[in-house]
Amino acid sequence: MKIKQDIKVAIDAVVFGYESKNSLSVLLIKRGIEPFKDEWALPGGLVLNDESLEDAVERELKEETGVTIDYLEQLYTFGSPNRDPRNRVLAVSYFGLVKPNHFKIKADTDAVDVQWFHLSELPKLAFDHQQILDMAHKRLKAKLSYEPIGFDLLNDEFPFSDLENLYMTILEKEIDRRNFRKKMLSFGIIEETNKIEKIGSGRPAKLFKFNKKKFQQLIVNDFHFEIKFV
């Protein structure tokens, strides 16, 4: 049986941004070429013959947005026959979470503009990129139950309220703060320091730091962290 196959492979990157006590955002580019010219989309493009998927993600992000990220996690492969009107294209998607103010974004190559958008204020997205974004957001929320994420989004030493706000921003729900604090401290992945910080007109808050060694031990033992909501 003769098999006819003419499939191209692309990558798409969902880069979430988080800033202290702010809403979750995503990095989008405005396309400068057809199809969907002048519409907003996720950064991405075709994988070159001589590069890996990871190299392709790094290259496309750098070219289209000016952003360089050390780690993106593979999400899912999207392969609907009609997802791209030009060709049959399989898109391997990746996602990550960063601090927007760590990067100076700049549109180039196929992108004519690049911006951070709050998830509550998204424009209409090209291709099936809304579906990709929705799945990435769902995966990000799910990860909080088995892997503490985002400690690199906080300062090396931080008040516990910053950690609570990070979780509530990603989960988009009010957590049971007393239960959250008790469980987080019981795992030993954060430690209290002997420092305090004055926050606004309230009383000074104790500062904490992340214990990476303890965290790695928990990951090996299939860490699971159930979060209770108000």
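Residues numbered from 1 in each chain as written. Predicted model: local features only at pLDDT ≥ 70, side-chain atom pairs only at ≥ 80, totals over all residues. Heavy atoms only, no water.

The name an unreviewed UniProt entry gives the chain is NUDIX hydrolase, with Flavivirga algicola as the organism. The UniProt entry for the chain carries the following text under Sequence similarities (unreviewed entry): "Belongs to the Nudix hydrolase family." (UniProt positions renumbered as here; feature names shortened; annotations may be inferred.)

> Which residues make up the overall build of the chain, and what are the values?
Assigned secondary structure in the chain consists of five helices and 10 strands. In the chain, which comprises 230 residues, the proportion classed as buried is 44%. A total of about 13200 Å² of accessible surface is found on the chain, and carbon and sulfur atoms cover 47% of it. Charge centroids of the chain, computed over 35 positive and 37 negative side chains, lie 6 Å from each other. (Helix = DSSP H or I, 4+ residues; strand = E, 2+ residues; numbered from the N terminus. Buried < 20%, exposed > 50% of the residue type's maximum accessible area, 1.4 Å probe, protein only. Areas by Shrake-Rupley, 256 points an atom, 1.4 Å probe, with all protein chains shown as cover. Lys, Arg positive; Asp, Glu negative; His and termini not counted. Charge placed at Lys NZ, Arg CZ, Asp CG, Glu CD.)

> Describe in detail the pattern of salt bridges, supporting the description with residues and values.
One pass over the full model with this rule turns up 14 salt bridges. Glu51 is the partner of Arg59 in a salt bridge, and the nearest nitrogen-oxygen pair spans 2.6 Å. Taking the relative accessible area as the measure of exposure, Glu51 reaches 16% and is therefore buried. With its nearest N and O atoms 3.9 Å apart, the salt bridge here joins Glu73 to Arg139. With Glu73 in strand E5 (residues 73-78) and Arg139 in helix H2 (residues 129-143), this residue pair connects regions lying 66 residues apart in the sequence. When its relative accessible area of 17% is taken as the criterion, Glu73 is described as buried. Counted as one network, the salt bridges with shared partners bring together Glu51, Arg59, Glu60 and Glu63. (Salt bridge = Lys/Arg side-chain N within 4 Å of Asp/Glu carboxyl O.)

> Help me get a handle on the layout of surface pockets, residues and values and all.
By volume, the largest pocket amounts to about 890 Å³. Breaking the lining of the largest pocket down by element, the ones donating at least two residues are strand E6 (88-98), H2, strand E10 (205-210) and helix H5 (212-220). Lining the second largest pocket are 22 residues; nearest its centre among them are Arg31, Gly44, Gly45, Leu46 and Arg86. Looking at the lining of the second largest pocket, the elements that each hand over two or more residues are strand E1 (7-17), strand E2 (25-31), strand E4 (44-46) and E6. In terms of residue count, the dominant contributor to the lining of the second largest pocket is E1 (four residues). Its residues assigned to classes, the lining of the second largest pocket shows 10 nonpolar, four polar and eight charged. (1 Å grid on protein atoms, 1.4 Å probe; cavity = no way out; pocket = protein on both sides within 12 Å on 5 of 7 lines; lining within 4 Å. Points joined across faces, edges and corners; volume = space filled by probe spheres on them. Nonpolar A, V, L, I, M, F, W, Y, C, P; charged D, E, K, R; others polar.)

> Break down the pairing of E1 for me, citing the residues and quoting the values.
Counting buried positions along E1 yields eight of 11 residues, so the element is predominantly enclosed. Pairing of E1 with E6 involves 11 bridges; the strand directions are parallel. Each residue of the ladder has a partner; that of Lys8, found in E6, is Val89. The pairing of E1 with E4 spans three bridges and is classified as antiparallel. Following the sheet pairing, Asp12 is matched in E4 by Gly44. Pairing geometry for E1 and E2, over two bridges, is antiparallel. (Pairing = 2+ DSSP bridges.)

> Describe in detail the side chain of Glu51, supporting the description with residues and values.
Topologically, Glu51 is positioned in the loop between E4 and helix H1 (53-65). Among the polar contacts made by the side chain of Glu51, one reaches the main-chain amide nitrogen of Leu48 at a distance of 2.9 Å. Within the local environment of Glu51, its side chain forms a polar contact with the side chain of Arg59, the two groups lying 2.6 Å apart. Setting aside residues up to four positions removed in sequence, Glu51 forms contacts with Leu46, Ala56 and Arg59. (Polar contact = N/O pair within 3.5 Å; in protein donor to acceptor, adjacent residues only side chain to side chain. Contact = heavy atoms within 4.5 Å.)

> Explain the side chain of Asp12 to me, using residue names and the numbers behind them.
As for its position among the elements, Asp12 is in strand E1. Note on Asp12: relative accessible area 6%, which makes it buried. In contact with Asp12, not counting residues within four places along its chain, are Leu42, Pro43, Gly44, Arg83, Ala91, Val92, Ser93, Tyr94, His129 and Ile132.

> Provide a residue-level description of helix H3 (residues 160-171), including the pertinent values.
The end-to-end C-alpha distance of H3, which contains 12 residues, comes to 17 Å, matching closely the 16 Å that a straight helix rising 1.5 Å per residue would cover. Here H3 lies mainly inside the structure; 11 of its 12 residues are buried. Residues of H3 that are buried in the fold lie against E6, H2, strand E8 (158-159), helix H4 (177-187), strand E9 (190-197) and E10. Note on H3: the residue one or two positions beyond its end, Glu172, has a positive phi of about 60 degrees. (Expected span 1.5 Å × (residues − 1).)

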